[in-house]
Every structure is written in structure tokens, then in C-alpha cells.
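# Notes for the structure review
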Amino acid sequence: MLAELACFEQRCRARFPIDEAIYNCTYCGGLLEVVFSGPRAEAPSLKKAWRTRRTSNEIVEQSGVWRYRELLPFDGHHHQAVSLREGNTPLLSAPRAARYGGLDHLTFKHQGFNPTGSFKDNGMTCGVTQAVRLDRQRVACVSTGNTSASMAAYASAAQLDSIVFIPHGNISYGKLAQALEYGARTFQVEANFDQILALVRVLADRLGIYLLNSINPFRIEGQKTIIFEMLDQRDWNPPDWIVLPGGNLGNTSAFGKALRELCQFGFIHKLPRLAVIQAEGAAPFYELMKTKTDLRSVPEPHTLATAIRIGDPVSWRKALHEVTVTNGVVEKVSEQEIADAKAVIGQCGIGCEPASAATLAGIQKLTEAGTIRSDEDVVAVLTGNVLKDSDYIYRYHTGQLKDPDGCQIEARFGNRPIVVPNDAGAIAKMLEE
Ligand code: F0G
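Figured I'd write up the structure that's included with this text. Remember, predicted model here, so these are calculated numbers, not experimental data. (Residues numbered from 1 in each chain as written. Predicted model: local features only at pLDDT ≥ 70, side-chain atom pairs only at ≥ 80, totals over all residues. Heavy atoms only, no water.)

Before going further, it helps to spend a moment on empty space enclosed by the protein. In the structure shown here, the tally under the stated rule is three cavities of 30 Å³ or more. Space inside the largest cavity adds up to approximately 290 Å³. For the largest cavity, the lining is made up of 25 residues, of which Phe-119, Lys-120, Gly-247, Asn-248 and Ala-307 are closest to its centre. Counting residues per element, the ones that place at least two in the lining of the largest cavity are helix H5 (146–157), helix H8 (217–233) and helix H9 (250–264). Of the residues contributing to the lining of the largest cavity, the split by class is nine nonpolar, 13 polar and three charged. (1 Å grid on protein atoms, 1.4 Å probe; cavity = no way out; pocket = protein on both sides within 12 Å on 5 of 7 lines; lining within 4 Å. Points joined across faces, edges and corners; volume = space filled by probe spheres on them. Helix = DSSP H or I, 4+ residues; strand = E, 2+ residues; numbered from the N terminus. Nonpolar A, V, L, I, M, F, W, Y, C, P; charged D, E, K, R; others polar.)

The following block contains the structure:
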């Protein structure tokens, strides 16, 4: 298929070549998306080819992103793919979480099984491959942590220089540690995510650095494969709902685009509904859906789920379109609700980082409100690995977790470690009690 970049704004729709290094429409400033045209293989033959590729020993066939390359804009370039065998993340059934969320059955698609532990790897393999295709030596991003970890890894794998900008003091140590370990030049800026994004855009323009935030349409293309793989794993039976956390809203945009393309190209015949969940202190998209106006940014977003601590989500227009097209909903959840949902996901033997747990907290609210019925088929996407934020976990279980306003979060599902003497008799006595 022929791939081009197109302005997302319906009144503009200007087109640009796929190898132009731009992130916004040069006419109206709108977001860009990849569009396809021309002949393409039929859905049944692609479904078969994608299944067969899983058995290959070639890394581009094993990758849960590049396996689906016919629906990605890298025609003939996939041999240049910078891959760490991303994707291939499992669908996990979670009966205890289902009960907690008010559902008969619930499945998690766990993106924390990715090489750097988050869904960002699906997008980053494409973003960095595009940087290579454009012959760029330097890549940069601002991040609440996961994008930077992922970019640092993929850039190093491709022997590119990576420059990471993060809000000082507001990302988890696990994520910061990853950026350092993978060799990124790391700047901790005294500002929040939204402010730093503006700064990085200026620097990228001035210094000719390739920007790998989710305004980069190739990141969005890669993240579409989370949905492709999910449906492949379900033998192309769409669920009723797909639930995901919302921050900068790149993933919401990617999921909606993936679903529309699968429908348009004949892979599925029904669109699942998207449910996007935000943290109460960083919920501009939720407010937008409620008031039906333009987005009003939150100047000082706050949440312990630092991954989604974003007040001015750059992809909100795309996300609004996707939520509308899928007849979706947006919900917001409190810090206590996120913390408890996270512990319940842990008790399923699954675990995830705080932002991911917003999904289960949101499901509980949406079933209580009757928006999601208990017998509906729901897949929630866990976006990050449990070890991304171990500090949060320790504090929750030991009753030391406080929300950003300083209020104590109750350890309703707490599991305190117990200090004991080195004495078999004493320990045996405690275990028998
Ligand atoms: N969950 C996790 C674990 C994340 O890291 C992010 C975003 C989201 C959800 C929200 O996804 O922005 O596409 O709506 N993290 C970005 C970062 C912003 O810099 O790592 P979104």
C-alpha cells in the first residue's frame, strides 16, 4: 500500500510524503496521521500469513509489531527495522479483578511484558526505525518515564544518540534508571511534562533532532499493533469494550485508528467501544467530554500515577474523534481507587504500574453506573510493568502512601512485610497462629 502523511484536520487534509520529517501540518498546524491507498492483500490471506510468521526464527517475524507490517507505513523498509522483539504480550484472564470490577469475566492485555516494560516499545520500534530511514543521528523526547526508557533502549540498539527530558522529581526511579542504563543523555527539567514538551519542540527544531514523542505519527502507527495483536490472539473476535488509561492520549488515538483500519480492510465487522480512564488530578479529557467544549488544559496536573500526570494532552483532537467513532466513554478515578485497583491486580498474580491500574478502577465505576454491563466482554490494557514504580508499592503496603494533597491513602489491600528474629521457634509460632 502507498503510505502518505495527512493533516488530521478535516477542513485541511493536506498531504505530505512519508519521508518528510514533520510532526504538524505545515499549512494549518494540525496533527499528522498516516493514510494508506492503493492495492493491498486481502484480510484472510494476511491473517494466515501473520499466524505463520509467529513460528519463524527471524526477529522481524517474531516481533509483535513487524509481523503486522502490511498495515504499517514501512513498505520495503522493514529489513531496516530496529527491533528488540517487542509485542507478543499476553492476554491474561483475571477472575478476582473481574469480581472487583463488577464483571463476570475480565481479560488484561499486559503491555508490561515488553522489552523495556511498557507499551511504548510498540511505538518506539517504528519511531526509531523512521529515524534511521531519515538518516537522523539524534533523537529526543520529553517523558513521564516510559517513553524515555523505551527511546533510550531503541536508540542505543540502533547506535543513535538519545536525549531525554523528564520532569525533575516526578518520575519513578525505575524509569529514570532505565534511561541512564540504556545510555541516554538525561536532562531533569524543573517544569512539568506539558511545559517541557514546548521546550523540546523548540530545541528539536533548532538543532535538527528527530522528535519521538507521540505527536510523531510513526509512534502511533506502531502502537496500532497492540490492537492488531489483541484481535489476532482472539481469533479476530472483537470484545465489547477496550479499556485504557489516558495521559497524552497517543494510545487512545492509536487504538481508534487501528480499529477503524481493521474494520475498513475487512478484518473485523464490529467496533469495540473505547473507555479511556484518567486520574482525577489530571483529567482534562474527561472534562472535555463532559462539557463538550474545546480542551481546557490543567495547568498543574497532579497524581501519584506519574505516567499520566499530563494536563495538556497533545493528541486530544485525535482521541476525541476515536472515542466518538467507537461510541466510547471517558471516566476519571481517584488516587485511592487507583491504589486499591492496583493491589487487586497484584493479587491476581499479574501486577502493573499505577497508571495501568486506572483501568480496573474505571471499570468498577463504569459497571456501577451501568455503562458497562457485567456480562460484557471487556479487555483492559495494562500499560506498564509492576516493577516500574516499586516505591509506590512499598509505601502502599506499609501504609505510608499519601496522595499529592498529603492525604493518607488507606492500605485496604495492604500486605505489610513482617520483621522477625532469626528464630525458627518464634516464626513457627507466628505461622501457626
Ligand atoms: N500508561 C503508562 C504506563 C504510560 O507511561 C502512559 C504515558 C500512559 C499510560 C498514557 O498513554 O499518553 O498515550 O495517553 N506515558 C508517556 C511517557 C506520556 O512519557 O512515558 P498516552
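With that settled, the discussion passes to unusual backbone geometry. The phi dihedral of Arg-85 is positive, around 60°, even though this residue is not glycine. With respect to the helices and strands, the residue Arg-85 is situated in the loop between helix H2 (59–62) and strand E4 (91–93). Classification of Arg-85 as partly exposed rests on a relative accessible area of 40%. (Buried < 20%, exposed > 50% of the residue type's maximum accessible area, 1.4 Å probe, protein only.)

Turning our eyes to something else, we now look at the packing of aromatic side chains. Overall, the coordinates contain 11 aromatic pairs when judged by the stated rule. Aromatic pair Trp-50 and Phe-267: ring centres 5.2 Å apart, planes at 5°, arrangement stacked. With Trp-50 in helix H1 (residues 43–53) and Phe-267 in the loop between H9 and strand E11 (273–279), the pair connects residues that are 217 residues apart, well separated along the chain. An identical accessibility class is assigned to Trp-50 and Phe-267; each is buried. In this structure an aromatic cluster arises from ring pairing among Trp-50, Tyr-68, Phe-228, Trp-236 and Phe-267. (Phe/Tyr/Trp six-rings, centres within 6.5 Å; stacked < 30°, edge-to-face > 60°.)

This part takes up the layout of surface pockets. When its volume is computed, the largest pocket comes out at roughly 480 Å³. Lining the largest pocket we find 25 residues, and of these Gly-169, Ile-171, Thr-306, Asp-391 and Arg-395 sit closest to its centre. When residues of the lining of the largest pocket are traced back to their parent elements, those giving at least two are strand E7 (161–167), helix H6 (173–181) and helix H14 (390–397). When residues in the lining of the largest pocket are grouped by element, the largest group, four residues, is from H14.

Any functional reading would require information that these geometric values do not contain.
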